[in-house]
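Chain and residue survey
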Amino acid sequence: MDDKYEKLPIFKDAHVLVLQIYKLTKSFPPDEKYGITSQIRRSSSSVVANIIEGNARGYRKEFINFLLIATGSLEETKYFLLLSRDLGYISEIEYTNSHKQTENVGKQLNGLIKYLRANNSVKSL
């Protein structure tokens, strides 16, 4: 099986975000294991999973729908980063670095959605 998506900048950057989130949440309080820790890990990994699944479907319209779901998961991740910062679970620097990564992924998602909407012949990457 050829995993072409692993070569895509959007996959690489979204994957980096997930790795950042997992590292950040290792130090979260134990009582957050089923709260913020679980939620932010699931939302960030959902971004990558939806990019991959949408691309694998082979239909442009479905791909766009999965990219929109990924965008929603990214916004959820942004909120949990904000909440984590405000609760003192992550530093301002950790928040800023992770937030920059979410912004980077968000720009790529929006660009890819626009590209797919404008190019009817493109079905996947």
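Conventions we followed
Residues numbered from 1 in each chain as written. Predicted model: local features only at pLDDT ≥ 70, side-chain atom pairs only at ≥ 80, totals over all residues. Heavy atoms only, no water. Helix = DSSP H or I, 4+ residues; strand = E, 2+ residues; numbered from the N terminus. Salt bridge = Lys/Arg side-chain N within 4 Å of Asp/Glu carboxyl O. Buried < 20%, exposed > 50% of the residue type's maximum accessible area, 1.4 Å probe, protein only. Axes fitted to C-alpha atoms, helices over the stretch in contact; angles between N-to-C directions. Parallel < 35°, antiparallel > 145°, perpendicular 65-115°, else oblique. Left-handed = near helix turned anticlockwise from the far one by under 90°. Contact = heavy atoms within 4.5 Å. Nonpolar A, V, L, I, M, F, W, Y, C, P; charged D, E, K, R; others polar. Core = buried A, V, L, I, M, F, W, Y, C linked by side-chain atoms within 4.5 Å. Phe/Tyr/Trp six-rings, centres within 6.5 Å; stacked < 30°, edge-to-face > 60°. Lys NZ or Arg CZ within 6 Å of the ring centre and 35° of its normal.

Tracing the chain through its elements places Glu103 in helix H4 (residues 92-118). For Glu103 and Thr37, which are 66 residues apart along the polypeptide, the C-alpha to C-alpha distance reads 21 Å.

Next up on the list: the pattern of salt bridges. Scanning all chains against the criterion turns up six salt bridges. Close ionic contact of Arg85 with Asp86 constitutes a salt bridge, the shortest N to O distance being 2.9 Å. The exposure class of Arg85 is partly exposed, given its relative accessible area of 23%. Salt-bridge contacts for Arg85 lead to Glu92; the nearest nitrogen and oxygen are separated by 3.7 Å.

At a minimum axis separation of 10 Å, helix H1 (residues 9-25) and H4 run at an interaxial angle of 155°. In terms of axis orientation, H1 runs roughly antiparallel to H4. Two packed elements cross with a definite hand, and for H1 against H4 that hand is left-handed. Contacts from Pro9, Ile10, Asp13, Ala14, Val16, Leu17, Gln20 and Leu24 in H1 reach Glu94, Asn97, Ser98, Gln101, Thr102, Asn104, Val105, Gln108, Leu109 and Leu112 in H4. Taken together, the residues of the contact of H1 with H4 break down into nine nonpolar, seven polar and two charged.

As for its position among the elements, Thr25 is in helix H1. Not counting chain neighbours up to four residues away, the residues in contact with Thr25 comprise Thr37, Ile40 and Arg41.

Counting residues in each nonpolar core, the largest one holds 29 residues, and the members touching the most others are Val47, Ile51, Leu67, Leu81 and Leu109. Taken together, the elements giving at least two residues each to this core come down to H1, helix H2 (36-57), helix H3 (60-86) and H4. If sequence neighbours within four positions are ignored, Val47 has contacts with Ala14, Ala70, Ser73, Leu74, Val105 and Leu109.

All told, the structure shown has two aromatic pairs when counted by the stated rule. Ring geometry for Phe28 versus Tyr89: centroids 5.3 Å apart, planes at 50°, classification tilted. Here the residue Phe28 occupies a position in the loop between H1 and H2, and Tyr89 occupies one in the loop between H3 and H4, the gap between them amounting to 61 residues. The ring of Tyr95 has Arg85 sitting right over it, with the charged end atom 4.5 Å from the ring centre.

For Ile52, the position within the fold is in helix H2. You can call Ile52 partly exposed: its relative accessible area is 25%. As a C-alpha pair, Ile52 and Phe66 span 14 residues in sequence and 8.8 Å in three-dimensional space. Here Ile52 is in contact with Tyr5 and Phe11, once residues within four sequence places are set aside.

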